[in-house]
There are 2 protein chains.
Amino acid sequence: MRAFRFLSLIMFHTVFAFSSSLSPLVASGDEGMYLFNDLPTQQLKADHDFEPSEDWADHLRLSSVRFNSGGSGSFISSDGLVLTNHHVASDTLHKLSTPERNLIDDGFLATSTDQELKAPDLELNQLVSIEDVTKQVNDAVDSDASAEDAAEQRRAVIARIEKASKDETGLRSDVVTLFGGGKYHLYRYKKYTDVRLVWAPETAAAFFGGDADNFEYPRYNLDATIMRVYEDGKPAKLDHFLKWSRDELTEGELVFVSGNPGRTQRIFTVAALKFLRDDRMPYVLDYLRRKEILMQQFGLEGGEQERRARDELFGIQNSRKAYTGMLAGLQNPKTIATKRGREDRLLQAISEDESMQALASAWEDIERIQAENREMLGKTVSLRSTLFEIAMQIVLLTAEDAKPDEERLKGYTDSARESLLQRLLSPAPVYADLEQVKLADELSRQIESRGAEDALIVEILRGRGPRERAAELVTGTQLADVAARQALIDGGLAAVLASDDAMIELARTVESEYRRLRKRNEEIEERERQAYAKITQATTAIEGTGGYPDATFTLRLAFGTVKGYQEGGQYVEPFTNFAGAYQHGMDHAGQKDFDLPKSWMENKAAVDLDTQLNFVCTADIIGGNSGSPVVNRDGELVGLIFDGNIQSLTSDYVYSDEQGRAVSVSGVGILEALRSIYGAGDLADSIGK
Amino acid sequence: MRAFRFLSLIMFHTVFAFSSSLSPLVASGDEGMYLFNDLPTQQLKADHDFEPSEDWADHLRLSSVRFNSGGSGSFISSDGLVLTNHHVASDTLHKLSTPERNLIDDGFLATSTDQELKAPDLELNQLVSIEDVTKQVNDAVDSDASAEDAAEQRRAVIARIEKASKDETGLRSDVVTLFGGGKYHLYRYKKYTDVRLVWAPETAAAFFGGDADNFEYPRYNLDATIMRVYEDGKPAKLDHFLKWSRDELTEGELVFVSGNPGRTQRIFTVAALKFLRDDRMPYVLDYLRRKEILMQQFGLEGGEQERRARDELFGIQNSRKAYTGMLAGLQNPKTIATKRGREDRLLQAISEDESMQALASAWEDIERIQAENREMLGKTVSLRSTLFEIAMQIVLLTAEDAKPDEERLKGYTDSARESLLQRLLSPAPVYADLEQVKLADELSRQIESRGAEDALIVEILRGRGPRERAAELVTGTQLADVAARQALIDGGLAAVLASDDAMIELARTVESEYRRLRKRNEEIEERERQAYAKITQATTAIEGTGGYPDATFTLRLAFGTVKGYQEGGQYVEPFTNFAGAYQHGMDHAGQKDFDLPKSWMENKAAVDLDTQLNFVCTADIIGGNSGSPVVNRDGELVGLIFDGNIQSLTSDYVYSDEQGRAVSVSGVGILEALRSIYGAGDLADSIGK
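Residue numbers restart at each chain and count upward from 1, following the sequence in its written direction. In the order they appear in the text, chains get letters beginning with A and ligands get numbers beginning with 1. Thresholds applied to this predicted model are a pLDDT of at least 70 for local features of residues and 80 or more for the giving and counting of side-chain atom pairs; totals over whole chains, interfaces and linings are not thresholded and use all residues. Values reported for side chains reflect all heavy atoms of the structure, with hydrogen atoms and water molecules removed beforehand.

## Side note on the sheet that holds strand 18 (residues 612-617) of chain A
Residue and element names in this part refer to chain A.
Then comes step 1: The 8 strands lie next to each other as 1-14-13-19-20-21-18-17, forming an open sheet whose pairing is antiparallel. Because the sheet does not close on itself, it has two edges, and the strands there are strand 1 (34-35) and strand 17 (575-577).
Then comes step 2: We call two strands paired when DSSP finds no fewer than two bridges between them. To qualify as a helix, a DSSP run of H or I must reach at least 4 residues; to qualify as a strand, a run of E must reach at least 2; elements of each kind are numbered from the N terminus. Bridge analysis of strand 19 (residues 629-631) against strand 20 (residues 637-644) gives 3 bridges, and the strand direction is antiparallel. Bridge pairing in strand 20 places Pro629 opposite Leu640.
Then comes step 3: Where helix 2 (residues 41-48) meets the sheet, its contacts fall on strand 1, strand 13 (254-259) and strand 14 (556-561), and the angle it forms with strand 14 comes to roughly 10°. For this analysis, residues touch if any pair of their heavy atoms sits within 4.5 Å. Here an axis means a line fitted to C-alpha atoms, over the contact stretch when the element is a helix, while the angle between two N-to-C directions is reported on a 0 to 180 degree scale.

Here you go:
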């Protein structure tokens, strides 16, 4: 599953800024995640004899949505229907579930708009415009400033630009760092925050084959969910939405993917990749396996506990499997050898051109920075528990509010406030038992990382063991109650300072260390940005221009062809169908993750078994692209991205279409399931209209 | 579950020698794992008004057996029946299982001796005699030798003593290091290597409640299995075996446990405990979680894969849960504070007594050694895969055979040869697919630990990624075939050097690094031994004598009372019964690990539901004690140790009977199950006779 939410789980508050990356300027085959304001028109014309018109591109952009929680989607009807993956929606399904109404197990179908369920905290973004603000940003940074000062100046000017844009247009306004600091673009979004659930299949159908089949192919997953955006309490009227193709796809067909890839690291230097291989990825995997076991253990306590832990567990398992594949790729000596070959050629060319020799030091800078990244690895005081995160954000918000806007931390400026408050005041349930287990483990991790004698640890633990202290914290906080959060936010800094809420006190205990670490990381990132800007300059001079920036969880266009591949001496067909799904279930009888749901078994006779269900194509996608629409030349929806195969997992740092493939649910498959399995013919009829 | 096999899984070839520990000389309450040649007679008389006769003790010792694979057991009939835990036997059950005959799932009952199944590689030890050889060992070590030389001299004299004893008596002869190097005893064992399976229940009954219930109480587990030892192809005739009490236990009753606790660290200095807390245990837990996920993933591939991975997975989960509890105990600030209090008092007393001041440096030595332990942590070239371990042992065996006996590595001397060969030539199945997955992960771990550019790594990988290389190694070895192993052993060093078997080549590639690391560890251990010997001397002088050495996986006697405890404000009764088992299953309906097997459900009406099933007592046990008989004052078997509760997990470094309890299957419960559930009335009748 390719939701960015899952992959980003462990990236929150860590050294690794996913903006610190650079364009692979020379794209090969169907490689590329292109900016909508810089589409690869020449390449499309040359390779695929296709010339997208401006209208074609604008319509596709305005029909695409970003799930701010970490995924993609598309508008699919004039009355607000949105298509995304089940695994992108699962966070919402989980939050809307109770012991009595288990949407994760049982799925959901609203047969009228008044049955549609409001998501507690979703924010959907439609990209309305892009503006280049590179000059404005760079002019505000003194050329001789220290890295620390430069980082502050850059943050300040970005806050000013975002605030001015927000004040002027009323739109969400984000300055995006592209080409690792080479360019800055202002993205303006229309926001939708009233989002309701219309239809979701059972997890058994959406995630058929479970963890075992995840990132594998052939697949048979109905990883789809339909929501609807509302405005003023009514279904939104949309000018831009995708038509839905009623035709089956054919092999070799050209398709496009419009979505929000989360992060790539394509042009990382060899030194940066070695840091990933030898330090960061092993660290992240240890972390993920630890949390996976923790969530499993919690779920063993009973059915309700299993339900509470499940969504997080799935996300962790997904990340673990993805990272395992990525690390395996990096540990293959050939990967680094290939990267080193290109780097050596670049450095050779630089050494032969006197005008560029000053740029060569950027590679050394990046190498030096890796040592600092190594030193900072795992240094955090952000305890991954919902209640602590709420407390920390309230403490930071009320403190930042006392400062001028442009001096505030990223995420706490005026322009970011609405989105922050929506998350902070989410009525989604918080489970005390699960919080306690997670917090105890985080405290234990802090002890391991800082040592039990560290002064801050002693202050945090107050003489208790991790489990005892976690119990004390969870019973001593009111923050599970949204009203208590609201009261603290309304009361501002004074209310926070006066609070004896245990979790608020803990957040205040770690606040200064949190700020120290964050500042240190921002300073490192600034130096990375400066070095990568030089590397971009050198690479462009040597290899030429025309490419795409590394992924930044903003809207991109990828393209590719529907195409099978060779694996272990066998040809893997690009398509699967419903007949294959039933067969796959029978082939794995007795394995729980391969039991198709009752709806599928009972309605088997009604299903046209030849209908395409999943397919693969060569489009260049990554986590965050989950839920992206796949469209044909006519801009009609033909599929829904939900995964990459295991061979594509290395695409974080190198694209290859030899075996790497994006995996989609086919559009016709979704319609067939709605009609023949879910009794949702009316919904199917309203799609694309 | 308290089998030492599982806990020792990650201790193989690591720095941590479990002999490097020291007696807690002052025992409290029912604390203590006493040597059979130094029983706590005064304490038993004073606290429990009980005076064990020499005959009583000898009979109990000779009725006890050690499972060399990592557990305990007892003789329970004159014709060779042996009682142990299902989880001690599960290694054998697993090795005897095939896709068609799943002993793990289905259990087993032989209704006549010709149906009994021969274990492929079990060795059972009966402790025949103990002799103090401290003077002989110490006299052979020069007082001014370097640590490296001292370690070699000590190893040499021990090899000489063992060989002389073996040659003279024909018995297995092991010199055991006690009191962290304060004493050396020669243990002579009668070996039984023809061991056959008589009865085992289903895992669903033995491990009822699964990982969730493991280390918890109340429990309802029939964690028992019966085997039989053979001599000359016939059931062995035994002079010593335990009578079996037909009476229910009563609260407050005095009981004894005779078994082989694997390792304790009771008198580790504070510095040594901090190393455990901050370094070693977090490292081990990362390792275990990694292997747990790996085995789970393998099992997801299908039913047969799940069967192949299950035994190892269970062992890993058991260790992970145990270590998690142990680390939680150490992370509680009170634990170290208590230990530090005692250490401060000792050091104060030493500083006040001029004759002892030279001993104080031992604490500093131990502290210095921890830095070396930290540096060595994770440094190993032992890849944990069956085929690699076989290859490595063959390479070492053939090389060591070329040396005089007393210069050989421990485990490769003449006295150890028989046991080594029995393991090496075990016909137990080796699964290529599982081997490949394990080896790929081990190669990946080596890259993480040494860095991908390390010269040895480059030599090991031969330009491949871990998965590719693992596949190459597993397909390129013949070692799954016992005959191929035998041929190499018979051919000796020349055959090994000439071999192009991929796994033998790999073992030879890492051999010198293996020897270097092993030597370094032995040198560190020697210095630990010398320091702990001084600490023993000082502690004895200050606190007095009369105690027990830390556990060394040799036979010990523990005692305790049958007694409930308070938990969360509630009294936990010491006994459970069959009615409770059925109720517990119903309380967890829908959770797979709580489904009682068919045999239990179908025979429920026949079962006397009031019969005791499990009970707790205060006896001082640890991993390795699994399968130990629990006997009453009359020396009759009343129970079978199988676990400790979660509060007892800290007993590795501190005993407490406030809540910590040993958990047993009751003797009457086993009889009731044999008769009423398993249709094994004949077997039940033959027990104790």
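## Quick look at the relation of the copies chain B and chain A
Then comes step 1: Of the transformation placing chain B onto chain A, the axial shift is 0.0 Å and the rotation is 180°, giving an RMSD of 0.0 Å. Here the transformation between the copies is reduced to the relation of a two-fold axis.
Then comes step 2: Interface overlap between copies: 100% of the residues of chain B at the interface are likewise at the interface in chain A, consistent with a symmetric, same-surface contact. The copies were overlaid by least squares, fitting only the C-alpha atoms of residues that reach a pLDDT of 70 or more in each copy.

## Some points on the pattern of salt bridges
Then comes step 1: Between Lys or Arg on one side and Asp or Glu on the other, a salt bridge is scored when a side-chain nitrogen of the former is within 4 Å of a carboxyl oxygen of the latter. Tallying each qualifying case throughout the model produces 134 salt bridges over all chains.
Then comes step 2: A salt bridge links Glu375 of chain A to Arg520 of chain A; the nearest nitrogen and oxygen atoms lie 3.7 Å apart. Of this pair, Glu375 of chain A sits in helix 13 (residues 361-376) while Arg520 of chain A sits in helix 20 (residues 502-543), and the two are 145 residues apart along the sequence.
Then comes step 3: Working definition: with a 1.4 Å probe on protein chains only, accessible area under 20% of the residue-type maximum means buried, over 50% means exposed, and in between means partly exposed. You can call Glu375 of chain A partly exposed: its relative accessible area is 43%.
Then comes step 4: Across the salt bridge formed by Arg384 of chain B and Glu389 of chain B, the nearest N and O atoms sit 3.8 Å from each other.
Then comes step 5: Connected via shared salt-bridge partners are Arg290, Lys291, Asp441, Glu442, Arg445 and Glu448 of chain A.

## Some details on the domain arrangement of chain A
All names here are of chain A.
Then comes step 1: When the domains of chain A are assigned, the result is domain 1 (4-123 + 193-266 + 550-686) and domain 2 (270-372).
Then comes step 2: One C-alpha centre belongs to domain 1, the other to domain 2, and the line joining them spans 25 Å.
Then comes step 3: Residue-level contacts link 36 residues of domain 1 with 31 residues of domain 2.
Then comes step 4: Interface area, domain 1 with domain 2, both sides summed: about 2,700 Å², of which 58% is carbon and sulfur.
Then comes step 5: Where domain 1 packs against domain 2, one counts 3 salt bridges.
Then comes step 6: With its nearest N and O atoms 3.8 Å apart, the salt bridge here joins Glu216 to Lys321.
Then comes step 7: We call two N or O atoms a polar contact when they sit within 3.5 Å, provided that within protein one can donate a hydrogen and the other can accept it, with sequence-adjacent residues counted only if both atoms are side-chain atoms. In this structure, the connection of domain 1 to domain 2 is made through 12 residue pairs in polar contact (both at pLDDT 80 or more). Throughout, the edges of the domains are those of an automatic or database domain assignment. In short, buried area is how much 1.4 Å probe accessible area vanishes from two parts on joining, totalled over both.

## As for the interface of chain B and chain A
Then comes step 1: Counting from both sides, the interface comprises 44 residues of chain B and, opposite them, 44 residues of chain A.
Then comes step 2: Of the roughly 3,300 Å² buried between chain B and chain A, counting both surfaces, carbon and sulfur atoms make up 47%.
Then comes step 3: Three residues, Arg289, Ile293 and Gln331 of chain B, lead the burial of chain B against chain A; their summed loss comes to 17% of the area buried on that side.
Then comes step 4: Summed over the shared surface of chain B and chain A, the number is 6 salt bridges.
Then comes step 5: One salt bridge in this structure joins Glu453 of chain A and Arg277 of chain B, with 3.0 Å as the shortest N-O distance.
Then comes step 6: Joining chain B to chain A, the criterion identifies 17 residue pairs in polar contact (both at pLDDT 80 or more).
Then comes step 7: Taken together, the elements giving at least two residues each to the side of chain B that touches chain A come down to helix 9 (210-213), helix 10 (270-299), helix 11 (303-331), helix 12 (333-351), helix 16 (432-450) and helix 18 (466-475) of chain B.
Then comes step 8: Charged means Asp, Glu, Lys or Arg here, nonpolar means Ala, Val, Leu, Ile, Met, Phe, Trp, Tyr, Cys or Pro, and polar covers whatever is left, Gly included. For the side of chain B that touches chain A, the per-class residue count stands at 12 nonpolar, 14 polar and 18 charged.

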